[in-house]
Amino acid sequence: MKKALITGITGQDGSYLAELLLSKGYKVYGLTRRTSTINNERIAHIQDRVELIPGDLLDQSSLNAAIEETEPDEVYNLAAQSFVKTSWNQPVLTGEVTALGVTRLLEAIRIVNPKVKFYQASSSEMFGKVTETPQNENTRFYPRSPYGVAKVYGHYITVNYRESFGIFACCGILFNHESPRRGLEFVTRKITHAVARISLGKQKKLVLGSLAPKRDWGFAGDYVEAIWLMLQQKKPDDYVIATGENHSVREFVKLAFKTVGVDDYEKYIDSNSTRFTRPAEVDYLIGNASKAHRILGWKPKTSFKKLVEMMVNTDLEMEKKTA
């Protein structure tokens, strides 16, 4: 039986990846840091089938101990301070977790067992102010936030450990991927949650910043399959994972309201392009995943329309259950 250790198992991607690995017969461990309030909501349905191990990306000894204790075949590093807006408020913490945390985990593997296969969650935010469209594995990085900068460090330190120590390490440059398990602080879930509440008369307005930014949005459940496939190859490499389509925030909003039968959505929107702005913005991202299609045999299964409908309908069901 293969064994895998997932950091960030309680997050969106971690929960979907844990489900996938369990379905493939893996013994799954999850690294969790101690917090005063435990939030295992996303893995509640599988918690009796995974084993949670204490550890923190800020603490080297806990990572060494986690690798020694679990003896994994594969380690998936999905943990990070992953909210771009927060990275402006907490840039040093973002660097410690999202950048140096990767180094600590790679050091644990190098010291304890360099044969462990390693996956690093890189991000389309590394492209930032894009220098070519669409973006592929060779596109220059131009990050526009402390989060993006930290992810570039994590990406290149992974490449360095692969080339310097022969560790089987892969980076997945994932473009935006959403799901009903997305946190409420992210714009997609903020939209679908508000639309569900508005349709039920629980909320009057959806408050947003600019509706213009465009993103390449896919379904997290599809993307974790690509993550797993990277570590099943004969040679480690880096891959862009994306749909190759992009849609504006306005399109997302319009489709979300249409899902609940509302066409004149604009009367429910309070939008201001200067609201929620960051010191530097990323306006246009779209990925070219042809390398993943060719080598991994991976393609996204869930359309943009299906993704939005899935998220709205799940939020509707949740809101109907609460007074």
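Look a little higher up for the structure.
One structure accompanies this document, and this report is about it. (Residues numbered from 1 in each chain as written. Predicted model: local features only at pLDDT ≥ 70, side-chain atom pairs only at ≥ 80, totals over all residues. Heavy atoms only, no water.)

With that out of the way, let us pick up the environment of Tyr284. For Tyr284, the location among the structural elements is in the loop between β13 (269-271) and α9 (290-296). Taking the C-alpha atoms as reference points, Tyr284 and Lys214, 70 residues apart in sequence, are found 5.0 Å from one another. Look past the residues within four positions of Tyr284 in its chain and what remains in contact with it is Val130, Thr133, Gln135, Lys214, Arg215 and Asn246. (Helix = DSSP H or I, 4+ residues; strand = E, 2+ residues; numbered from the N terminus. Contact = heavy atoms within 4.5 Å.)

Moving on: the packing of aromatic side chains. Using the criterion set out here, one finds 12 aromatic pairs in the structure. The interplanar angle of 75° and the centroid separation of 5.8 Å between the aromatic rings of Phe252 and Phe304 together place this pair among those described as edge-to-face. Of this pair, Phe252 sits in helix α8 (residues 249-259) while Phe304 sits in helix α10 (residues 304-321); the two residues are 52 residues apart in sequence, bridging distant segments of the chain. For Phe252, a relative accessible area of 0% translates into the label buried. On the accessibility criterion, Phe304 (10% relative accessible area) is buried. Here the aromatic cluster, defined as three or more aromatic residues joined through ring pairs, consists of Phe127, Phe141, Tyr156 and Phe175. Between the NZ or CZ atom of Lys24 and the centre of the ring of Trp228, over which it lies, the distance is 4.2 Å. The ring of Tyr29 is capped by Lys27, whose NZ or CZ atom sits 5.2 Å from the centre of that ring. (Phe/Tyr/Trp six-rings, centres within 6.5 Å; stacked < 30°, edge-to-face > 60°. Buried < 20%, exposed > 50% of the residue type's maximum accessible area, 1.4 Å probe, protein only. Lys NZ or Arg CZ within 6 Å of the ring centre and 35° of its normal.)

With that out of the way, let us pick up helix α5 (residues 146-165). Between the first and last C-alpha of α5 there are 28 Å, a value that for 20 residues agrees with the 28 Å anticipated at 1.5 Å per step. Downstream of α5 by one or two residues, Gly166 has phi in the positive range, about 70°. (Expected span 1.5 Å × (residues − 1).)

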